[in-house]
Structures are given as structure tokens and as C-alpha cells.
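Close look at the chain arrangement
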Amino acid sequence: MRKIRILKVGGSVITDKDEGAFEKLNRDALKEVCRAISESWDGLIVVHGAGSFGHPHVKKYGLNTLGASKVHLACLRLSEHFCSTLVEFGVAALPIHPMTFYTRTSDLECNVEYITRALNSGFLPVLHGDVIFGKDGIEVLSGDDIVIHLAECIKPSRIGFATDVDGVLLKGKVVERLDIETVERIEYEGREKTDVTGGMLNKIRKVFSMNHRCEVFIFRGDYSNLKRFLKGEKVGTEVVL
Ligand code: IP8
């Protein structure tokens, strides 16, 4: 059976997320990401974050219907940038927008069959962080949650999280193999004493909560690291499940 891989490209890789940035694309980084993907995308699913095309909008507009509309449209603009850059590199990118694809009643629900069909037809499915109809109204669905959900349904052989740091850092050094004991130590020592940020800790917790077992890597999303991940090599921090 063909091996499936899921790659999450953090919003901080392809957009400028600095304080005050509003819909600022990091065009050069996006091109490098798409160039790496174009060289090995068989059985690949891409999920990208919203970066400065989503988070500042939620803050500014809120999540009432008009706010959600504006947030969703900004997410669509980033998806359009991502997918059209992939197409420029010869990749048959198929944008899938969570607002019209996912809902949450108690759990997340979507038509997973559609994604496997897209893969089997030779498309590269591209999903992204978005707003969705949730349990009690509109809610934000992060790209990380999409990755975990798809992993449980589609059972990939490896998952990569391309971020703006070299991996999980402890005392300034990249942790090569991150097991649950190390995570518990980080939590025990308190994250103010480590350089593991709240966002990273959250991501790690989500990965460890997954039932599906596969290779998971967290690494800086530059061209050479992405190539290594897509070639099946070890890169950055390996999360040992
Ligand atoms: O950047 C967040 O997705 P993420 C989506 O993957 C919105 O966390 C709308 C802020």
C-alpha cells in the first residue's frame, strides 16, 4: 500500500507573524516550501497554518457571522497564494477549505473519503487553519488539530511539522528524540525555565494524545529540511510515540 505523509507548514514559516503584521506573506519562504514539495509529493497531504492571514483577523473582527466571514476570506487568500505557488511549480494542488469541509458536534467530522479520493486521483490536498461550525457556534480550527484528526483517519507513515525554530529546544539545544518522559520533565520544570514555548508544548501534547503511531518530526521549515523530511530522512526533533 502506498505510504501517506502529512506535512503541516506553520503560518510562521510562510507569513510574517510579527506584532502588528496583517496579511503579510513571506513570499520567498513560500516559494522555497513549494519548491521542496514539488520535488516529492506522492501520497502527500499538506496542512498550513493561518499566520498573519487569520490570527490578527480573529482578534480584530471576532467570531460573529460577519467577523467569521472576514476571517475565513483571509484564510482563503492565503490558501490561494499557497496553492497557486504550488501550481507554478507543477504540483496539482487541490485546496480544501475546512469552513465548508469540517464541522464539530462533539468530535470533528469531515468527508475523509474525499481526501483519499483526491490522493488516489493524483492531487495534492491542501488544507489550512480556518473557522468552522463548532459545538456552540463558530470556532477556530487550527491546522495542528486537522493534522491529528487526519492522522487518526488516514494513518500516515510520517508527519512533519515545519516551524520557525530548529525543533524542540531545551537549554538552547535541539532535542533529537523527544519521548513522553522528557515532555513530563519540561512540564514539571515549568516552561519559564525552559525555552519550550506554550505553542510548542501544546503541539507536543496534541501529538502525544494521538492513538495512531507513526514517525513524527518537528523542524525548521526551510528548503533543505523539507527535502530531508520528504525523502524519509530524520530531521529536527523526532517525537518518539
Ligand atoms: O495557524 C488558526 O490556524 P493555525 C486559524 O494552524 C485561524 O493555528 C483562523 C486563526
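Refer to the structure printed above.
From a predicted model like this one, the values you see are computed outputs, not experimental measurements.

With respect to the sheet that holds strand S6 (residues 124-128)
Reading across from one edge, S3-S6-S2-S1-S9-S13-S14-S12 is the order of the eight strands in this open sheet, with mixed pairing throughout. Edge positions in the open sheet fall to strand S3 (93-95) and strand S12 (177-178), since each of these has one partner strand only. Sheet analysis places strand S1 (residues 5-9) next to strand S9 (residues 158-163), joined by five bridges and oriented parallel. Each residue of the ladder has a partner; that of Ile6, found in S9, is Ile159. Most of the contacts of helix H5 (residues 112-120) go to S6, to which it runs at about 140°, and overall it touches strand S2 (44-48), S3 and S6.

A closer look at the packing of aromatic side chains
Per the counting criterion, the structure on display carries three aromatic pairs. Ring centres of Phe101 and Tyr102 lie 5.7 Å apart, and the angle between their planes is 90°; this geometry places the pair in the edge-to-face category. Classification of Phe101 by relative accessible area gives buried; the value is 14%. What links up through ring pairs into an aromatic cluster is the set Phe101, Tyr102 and Tyr114. Positioned over the ring face of Phe22 is Lys60, at 5.0 Å from the centre of the ring.

Brief notes about H5
The complete set of buried residues in H5 reads Val112, Ile115, Ala118 and Leu119. The buried residues of H5 all sit within an arc of 120° when viewed along its axis, so they share a single face. Exposed residues on H5 whose side chains face more than 90 degrees from its buried face are Glu113, Arg117 and Asn120. Of the surrounding secondary structure, the elements contacted by the buried residues of H5 are S2, S3, strand S5 (108-110), S6 and helix H6 (143-154). Taken from the residues just after H5, Gly122 is the one with a positive phi, measuring 95°.

Re the pattern of salt bridges
For the structure on display, the rule yields 15 salt bridges. Between Glu32 and Arg35 there is a salt bridge; the shortest N-O distance is 2.9 Å. Taken together, the positions of Glu32 and Arg35, both in helix H2 (residues 27-38) and three residues apart, correspond to about one turn of that helix. The exposure class of Glu32 is partly exposed, given its relative accessible area of 31%. By relative accessible area, which is 28% here, Arg35 ends up partly exposed. Between Glu139 and Arg104 there is a salt bridge, with its nearest N and O atoms 2.5 Å apart.

Reading the values: the criteria
Within every chain, residues take consecutive numbers counted from 1 along the sequence as written. The model is predicted, so local features are restricted to residues of pLDDT at least 70 and side-chain atom pairs to those at 80 or more, both for listing and for counting; the totals for chains, interfaces and linings are taken over all residues. Think of the side-chain values as coming from all heavy atoms in the structure, minus any hydrogens and water. The pairing criterion for strands is at least two bridges between them, as found by DSSP. Counting from the N terminus, the helices are DSSP H or I runs at least four residues long and the strands are E runs at least two residues long. Any two residues whose heavy atoms approach within 4.5 Å at even a single point are treated as in contact. Between N-to-C directions, angles cover 0 to 180 degrees, with each direction set by a line fitted to C-alpha atoms, over the stretch in contact for helices. Between rings of Phe, Tyr and Trp, where Trp is taken as its six-membered ring, a pair exists when centres lie within 6.5 Å; planes separated by under 30 degrees are stacked, by over 60 edge-to-face, and by other angles tilted. The buried label goes to any residue with under 20% of its type's maximum accessible area, the exposed label to any with over 50%, and the partly exposed label to all in between, with areas taken from a 1.4 Å probe on protein chains only. Any Lys NZ or Arg CZ found within 6 Å of a ring centre and within 35 degrees of that ring's normal is scored as a charge over the ring. The directions considered for the arc run from the helix axis to the C-beta atoms. Whenever Lys or Arg places a side-chain nitrogen within 4 Å of a carboxyl oxygen from Asp or Glu, that contact is recorded as a salt bridge.

Don't take any of this as a statement about function, it's just geometry.
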